[in-house]
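Per-entry structural report
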Amino acid sequence: MERRRPPQTEEGWYVLHDFRSIDWDAWRDAPERRRSRAIDEGIEYLSGAERVDDAEAGDSATFAVLGHKADLLVLHLRPTLAEIDALERRFEQTALAEFTERADSYLSVTEVSGYMSEEFFDEESEVEDTGMKRYIESRLKPEIPDSEFVSFYPMDKRRGPEDNWYDLPFDERAEHLSSHGDIGRDYAGRVTQIISGSIGLDDFEWGVTLFADDPTDVKELLYEMRFDPSSSRFAEFGRFLSARRFPPEQLGAFLAG
Amino acid sequence: MERRRPPQTEEGWYVLHDFRSIDWDAWRDAPERRRSRAIDEGIEYLSGAERVDDAEAGDSATFAVLGHKADLLVLHLRPTLAEIDALERRFEQTALAEFTERADSYLSVTEVSGYMSEEFFDEESEVEDTGMKRYIESRLKPEIPDSEFVSFYPMDKRRGPEDNWYDLPFDERAEHLSSHGDIGRDYAGRVTQIISGSIGLDDFEWGVTLFADDPTDVKELLYEMRFDPSSSRFAEFGRFLSARRFPPEQLGAFLAG
Amino acid sequence: MERRRPPQTEEGWYVLHDFRSIDWDAWRDAPERRRSRAIDEGIEYLSGAERVDDAEAGDSATFAVLGHKADLLVLHLRPTLAEIDALERRFEQTALAEFTERADSYLSVTEVSGYMSEEFFDEESEVEDTGMKRYIESRLKPEIPDSEFVSFYPMDKRRGPEDNWYDLPFDERAEHLSSHGDIGRDYAGRVTQIISGSIGLDDFEWGVTLFADDPTDVKELLYEMRFDPSSSRFAEFGRFLSARRFPPEQLGAFLAG
Amino acid sequence: MERRRPPQTEEGWYVLHDFRSIDWDAWRDAPERRRSRAIDEGIEYLSGAERVDDAEAGDSATFAVLGHKADLLVLHLRPTLAEIDALERRFEQTALAEFTERADSYLSVTEVSGYMSEEFFDEESEVEDTGMKRYIESRLKPEIPDSEFVSFYPMDKRRGPEDNWYDLPFDERAEHLSSHGDIGRDYAGRVTQIISGSIGLDDFEWGVTLFADDPTDVKELLYEMRFDPSSSRFAEFGRFLSARRFPPEQLGAFLAG
Amino acid sequence: MERRRPPQTEEGWYVLHDFRSIDWDAWRDAPERRRSRAIDEGIEYLSGAERVDDAEAGDSATFAVLGHKADLLVLHLRPTLAEIDALERRFEQTALAEFTERADSYLSVTEVSGYMSEEFFDEESEVEDTGMKRYIESRLKPEIPDSEFVSFYPMDKRRGPEDNWYDLPFDERAEHLSSHGDIGRDYAGRVTQIISGSIGLDDFEWGVTLFADDPTDVKELLYEMRFDPSSSRFAEFGRFLSARRFPPEQLGAFLAG
């Protein structure tokens, strides 16, 4: 078995999915004064992060998580890992943090790969003026869409003795991903995705974050993709977390139930 | 390997299985006044949810869970995820929540698929007046049956190199499911099911909730199904949780042991 | 692949393995008065359960668990799940419960299957007067043996692409189980078993509870069985818990170390 | 597939690996008086166990565990499970226990099998006077060696569709183990092992405890064994825990960091 | 299947990856005096460890961990396990430890193997004066590089029925590793690695620690390696942890968020 040709990749912004659980017992027991301070400092932190006060570029968003795995998701995209690190630890200094515990997290970095556009990597100068370049920029430095619903999951490509993604020839992988992307394109306008790589950064190889106003669009997209060989034979999925976006100013309402 | 044809699906109500553990130490230690308040607010929340005071439609039910995995299951079905989200967080504001911790949960949405009735999807207008349409409605907007026993488990269809559900031709899958359904029909009147999809919503692909007055009917149904290729070759099961329904008004008796 | 013929089954009593950890720190710190009350109420609960004060029939027993997984095992067999549910929650109302936490549990129901005796199922009337009927009754409504040692583990039958129990013809399965049973019979008088089914009730398909005065008899029986295809090719084992029986009256001595 | 011939086994002493974590926060906060008492009672318990004050025979030893999985390992060998049970619970009554939590444990029993010496099992009388008998005794009733380093791990033999230990003919298994033992013999004087069986007692089939003064001798022995088919094709390993022996009298120094 | 020839190995320094979580709630609540003491004692411990005050040789470094798995990584390399053990427990005596809990850890030992240089092992005297000897020393007694980013993960070589590393002939394994090393060499100056063996010491067979100023260099290196058969067919990865180095004197700033 020979070594296969890896795709070239270019990385953009670091991505932290920061999942927190609310300590509802402490919240109910807290005096009004402490609650107010927690809400004020929480709004300040979250809206500051969404305004990207802490960095030259990036984006952040706040979500209410469904189910027992977490209550709050703060999603950060920033150009440097130092900024991600600072945001993560700065949260702990807010009065809101007193009422939260870390439930989960995922660290990754936006990427585009040579499967998508070999030209971009091979002859960068020639794509300078094309829409491709703008498209690639939008994937490396994505704006978090305004959608109500978000679904996050990490995933690996399978390396089994029979279905081994990393042992496929480059062209076969590129074809799989192109076919996979075709499905996604059918959902354009309804589902937006941020694909970020996490090899060496976190436990899986990629993180997938899907945004939609209607959660069933995400469900149908992923169901359809599951019948595509790129998923049916080669994908290994981790946990799935679902959440609903809310503006930081509604933190008080969120905590009021 | 080619891309297989996915079934069409239609989604109905969102489903939250909300499992809670009772903090029995805190409960025993609590003064009568706090207990009464917890019972009162608990009954108010649970019976309000069962009456669906919070939404235009839906259903809710309350169960005592067997074993160490949880003590209480509150099952909610609602037309929107926003309503599910609100119910989940509103629980935390009750005095009952002080005595509970989240033990588990599962988020899904009721679905019917084109395996069952391609006509429904292909020529919707023509099934307008048929019983099929009423049947489909009853699956998308199910009433929680009054049975004493409930069994819940999440499941996936297998994607192994040899037994790969997602690589079967559509007709083969449809045949498997039809044959699988035949077994279920033998238990009509004894076991009722709510099948809900959770791709992109939670860790497995489906949630299965079975209702029966006699738990051995559920056991025998599932045992029989396990010999059907659709289960024996293609099903991957998650955890199983068993519970017994009780009316919210009996919350005090439930907590009294 | 065709659907295989399932065995008929008959179910008897529900079985709860209720594993608890002692909070030894709280126990050491507790004043004598609270300890006495815990012991008194614990003995009352445990000996009441062993006398089956709460139901028309059934059996219960108390064990000290070896190792870190739990400290106490209370094993309950009862005709209805309602009685199991009541026993489980009534424990929480005792002063003993203040010093325990739930560590594990397993819910199942005693069963006999058509592999053992098709006649029993096919022509019930004709076995009315035979020893077979009495034998079957003893498996559906077993008395917990007086042995000192107990070993509990849950298990599944394998559904792999190559070794798939549920894809074997009925006769082959019956033969496997008959051969498997032969090994057990060699240990008659030394090892007694309660086999209970848990499909739809708990995470595995069966619970196995083995009783012996000499733990090495259990070890040798299971080792011998592991070389039988029914185990070597088709069994998937869960966790194993070992415990030693003690009479409820010795609860004080148990807690004294 | 036929049933394979199991080896005969003889069991000796029960073995408990009792892993505890120190609650360092409580330790640092405790007044000198409580610390002294914890150290005194700890030394009394540990040195009493090492002197085997509690039984007719056996051995015990105390170790400092490396890494986050535990801090303290107390290893007990005793002729009866009742003695193991008593030692385990007696620990909880010491003032040292106030500063510890159970982190892990493993229950097993020393064994020799017919792979090693069929003569021993088949014609016991004839080996009465030989060195084999003394060797077997030393494995059933082992003295814990004085080595500085210990490595413990549980393991199973594989039962996969292709590599199935339990489906190998007896002679092939015996040959594998004999070849495996040859590697061990090359390390005689540097690495000492206690092999104990745990089928029916704990989650894996065997516990392996390796003693050496130089940890790299254990590493090199196990690495070499991994290339032997008996490991490379047939072993499934659980967790590994590493620890360093210290005499009970140094408990104070151990706790002082 | 025959026994394969293992590589010779030589071991150098023991390696402890000591991951700790900060108890941010306790930190926020602590009076200034306790915080100052924690910072002072923390800096003293960490900078003493980095200066290797406690041993004749070795190295230590301090990192801020990204994500929820831990907050602090202290990496220690020391000639003896006794020194590692002492460092680990001495941390618990600092006032900083009051604000931390152990989140994870990994124990291993630096190694070079005969795959790399059979001459080194076979004819040690002849390589005395060569650069190879110096290179090997640098791997056995590595200096922790000054890079900003570190990625740690444990790994095994696969022992599946089809892809079984331990069943490959020596030369094939050596060739795989040589080819694998070639990829690494392309990243010389950008990514530095410490490979340490952990068979018999911890749960996996090796620990890999990669250092780089730019995290995307680690990501690209590992992605490229994943297409090499040595990874694609034979590697099983554990968890991945990412961290950023900081000098002990900045502990106060780290804790201030």
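Everything here concerns the structure above.
Thresholds applied
Numbers given to residues run from 1 along each chain, matching the order in which its sequence is written. Chains carry letters from A onward and ligands carry numbers from 1 onward, assigned in written order. Residues qualify for local features only when their pLDDT is at least 70, as the model is predicted, and side-chain atom pairs are given and counted only at 80 or more; totals for whole chains, interfaces and linings, by contrast, use all residues. Side-chain metrics in this entry use all non-hydrogen atoms of the structure; hydrogen atoms and water are not considered. Helix numbers and strand numbers start at the N terminus; a helix is a DSSP run of H or I with at least 4 residues, a strand a run of E with at least 2. Note that the radius of gyration is over C-alpha atoms, with the globule rule given as 2.2 Å times the number of residues to the power 0.38. Exposed residues in this analysis have more than 50% of their type's maximum accessible area, buried residues have under 20%, and partly exposed residues fall in between, with area computed by a 1.4 Å probe over protein chains only. Counting rule for charge: Lys and Arg are taken as positive, Asp and Glu as negative, and neither His nor the chain ends is counted. The location of each charge is read from NZ of Lys, CZ of Arg, CG of Asp or CD of Glu. Between N-to-C directions, angles cover 0 to 180 degrees, with each direction set by a line fitted to C-alpha atoms, over the stretch in contact for helices. Any angle that falls under 35 degrees is termed roughly parallel, while one over 145 is termed roughly antiparallel, one within 65 to 115 roughly perpendicular, and all others oblique. The crossing is said to be left-handed when, going from far helix to near helix, the turn is anticlockwise and less than a right angle, and right-handed when the turn is clockwise. Throughout, a contact is declared for two residues whenever any of their heavy atoms are within 4.5 Å. Side-chain classes are defined by residue name, with Ala, Val, Leu, Ile, Met, Phe, Trp, Tyr, Cys and Pro counting as nonpolar, Asp, Glu, Lys and Arg as charged, and the others, Gly among them, as polar. Excluding any residue in a salt bridge, patches collect residues exceeding 30% relative accessible area, merging like charges within 9 Å and nonpolar Val, Leu, Ile, Met, Phe, Trp and Tyr side chains within 5 Å. We get accessible surface area from the Shrake-Rupley algorithm with a probe of 1.4 Å; when it comes to residues, only the shown protein chains can shield them. Salt bridges are counted wherever a side-chain nitrogen of Lys or Arg sits within 4 Å of a carboxyl oxygen of Asp or Glu. Least-squares superposition aligns the copies on the C-alpha atoms of those residues with pLDDT at or above 70 in both. Here a polar contact means two N or O atoms within 3.5 Å. Within protein one must be a hydrogen donor candidate and the other an acceptor candidate, and residues neighboring in sequence count only if both atoms are side-chain atoms. Summed over both partners, buried area is the accessible surface (1.4 Å probe) that two parts give up on being assembled. Strands were regarded as paired on the criterion that DSSP finds at least two bridges between them.

Description of the overall build of chain A
If you tally the helices and strands in chain A, you get 9 helices and 9 strands. Taking 18 Å as the expected radius of gyration for a compact globule of 257 residues, we find that chain A reaches 20 Å, a close match to that expectation. Sorting the 257 residues of chain A into buried and exposed places 62% on the buried side. Chain A carries 31 positive and 57 negative side-chain charges, and their two centres are separated by 3 Å.

Describing unusual backbone geometry
One can expect most non-glycine residues to show negative phi and most peptide bonds to be in trans. Residue and element names in this part refer to chain B. At Val52, a position not held by glycine, the phi torsion is positive, near 60 degrees. Counting through the fold element by element, Val52 comes out in the loop between helix H2 (32–51) and strand S2 (59–65). Taking the relative accessible area as the measure of exposure, Val52 reaches 12% and is therefore buried.

Section: the packing of helix H6 (residues 170–186) of chain B against helix H7 (residues 215–226) of chain B
Residue and element names in this part refer to chain B. Put simply, H6 and H7 touch, their axes get as near as 10 Å, and they point 155 degrees apart. As judged from the angle between their axes, H6 and H7 are roughly antiparallel. In this structure, H6 meets H7 at a crossing whose hand is right-handed. Residue-level contacts link His180, Ile183, Gly184 and Asp186 of H6 to Leu221, Glu224 and Met225 of H7. Of the residues belonging to the contact of H6 with H7, the class tally is 3 nonpolar, 2 polar and 2 charged.

What to know about a negative patch on the surface
On the surface, A:Glu162, B:Glu162, C:Glu162, D:Glu162 and E:Glu162 cluster together to form a negatively charged patch. Along the chain, the position of B:Glu162 falls in the loop between strand S5 (149–157) and H6. By relative accessible area, which is 42% here, B:Glu162 ends up partly exposed.

Considering the relation of the copies chain E and chain A
Each copy superposes on the other: chain E lies on chain A with an RMSD of 0.0 Å after a rotation of 72 degrees and an axial shift of 0.0 Å. Here the two chains are linked by the operation of a five-fold rotation axis. A low fraction, 2%, of the interface residues of chain E reappear at the interface in chain A, so the copies pair through non-equivalent surfaces.

Section: the relation of the copies chain D and chain C
Superposition record for chain D on chain C: RMSD 0.0 Å, screw rotation 72 degrees, translation along axis 0.0 Å. The overlap is low: 2% of the interface residues of chain D also sit at the interface in chain C, so different surfaces are used on the two sides.

Quick word on the interface of chain D and chain C
The extent of an interface is frequently quoted as the accessible surface area lost upon association of the parts. In this assembly, 47 residues from chain D lie in contact with 45 residues from chain C. Residue D:Asp203 is joined to C:Lys69 by a salt bridge in which the shortest nitrogen-to-oxygen separation is 2.7 Å. The interface formed by chain D and chain C holds 22 residue pairs in polar contact (both at pLDDT 80 or more) in total. In the side of chain D that touches chain C, the residues fall into 18 nonpolar, 9 polar and 20 charged.

Considering the interface of chain E and chain A
With 46 residues of chain E in contact, the opposing surface of chain A contributes 47 residues. Three residues stand out in chain E for area buried against chain A, namely E:Lys219, E:Tyr223 and E:Phe227, and they jointly supply 21% of the buried area on that side. Scanning the region where chain E abuts chain A turns up 8 salt bridges. Counting across the interface, chain E meets chain A through 22 residue pairs in polar contact (both at pLDDT 80 or more). Top contributing element to the side of chain E that touches chain A by residue count: helix H7 (residues 215–226) of chain E, with 9 residues. Among the residues making up the side of chain E that touches chain A, the classes are represented as 19 nonpolar, 10 polar and 17 charged.

Quick word on the pattern of salt bridges
Here the structure, examined in full by the defined rule, presents 149 salt bridges over all chains. In this structure, A:Arg190 engages A:Asp217 in a salt bridge whose closest nitrogen and oxygen atoms are separated by 3.2 Å. One end of the pair, A:Arg190, is in the loop between helix H6 (170–186) and strand S6 (191–197); the other, A:Asp217, is in helix H7 (residues 215–226), with 27 residues separating them in the sequence. We classify A:Arg190 as partly exposed; its relative accessible area is 37%. Between D:Arg28 and E:Glu92 there is a salt bridge, with the nearest N and O atoms lying 3.7 Å from each other. Placement of D:Arg28 in helix H1 (residues 24–29) and of E:Glu92 in the loop between helix H3 (81–91) and strand S4 (100–113) is noted, with the two residues assigned to different chains. The structure contains a network of salt bridges with shared partners spanning A:Asp18, A:Arg20, A:Glu88, A:Glu92, A:Arg102, E:Asp25 and E:Arg28.

So, the arrangement of the chains
The two units chain A and chain C never meet; even their closest C-alpha atoms stay 13 Å apart. The least C-alpha distance between chain A and chain D, which are not in contact, is 13 Å.

Examining helix H3 (residues 81–91) of chain D
Most of H3(D) is tucked away, with 8 of its 11 residues classed as buried. Turning to H3(D), its buried residues are D:Leu81, D:Glu83, D:Ile84, D:Asp85, D:Leu87, D:Glu88, D:Arg89 and D:Phe91.

Concerning the environment of C:Ser47
All names here are of chain C. Looking at the secondary structure, you find Ser47 in helix H2 (residues 32–51). Separated by 40 residues in the primary sequence, Ser47 and Leu87 have C-alpha atoms spaced 12 Å apart. In this structure Ser47 touches Pro248 and Glu249, once residues within four positions along its chain are discounted. Within the local environment of Ser47, its side chain forms a polar contact with the backbone oxygen of Ile43, the two atoms lying 2.5 Å apart.

Things to note about the pairing of strand S1 (residues 9–22) of chain A
All names here are of chain A. Counting buried residues in S1 gives 12 out of 14 residues, a clear majority hidden from the surface. Of the strand pairs in this sheet, S1 and strand S4 (residues 100–113) are connected by 12 bridges, and their pairing is antiparallel. Looking at the pairing, Glu10 lines up with Val112 of S4. Two elements, S1 and strand S3 (residues 72–78), share 7 bridges in a ladder whose sense is antiparallel. When the bridges of S3 are listed, His17 appears paired with Leu75.

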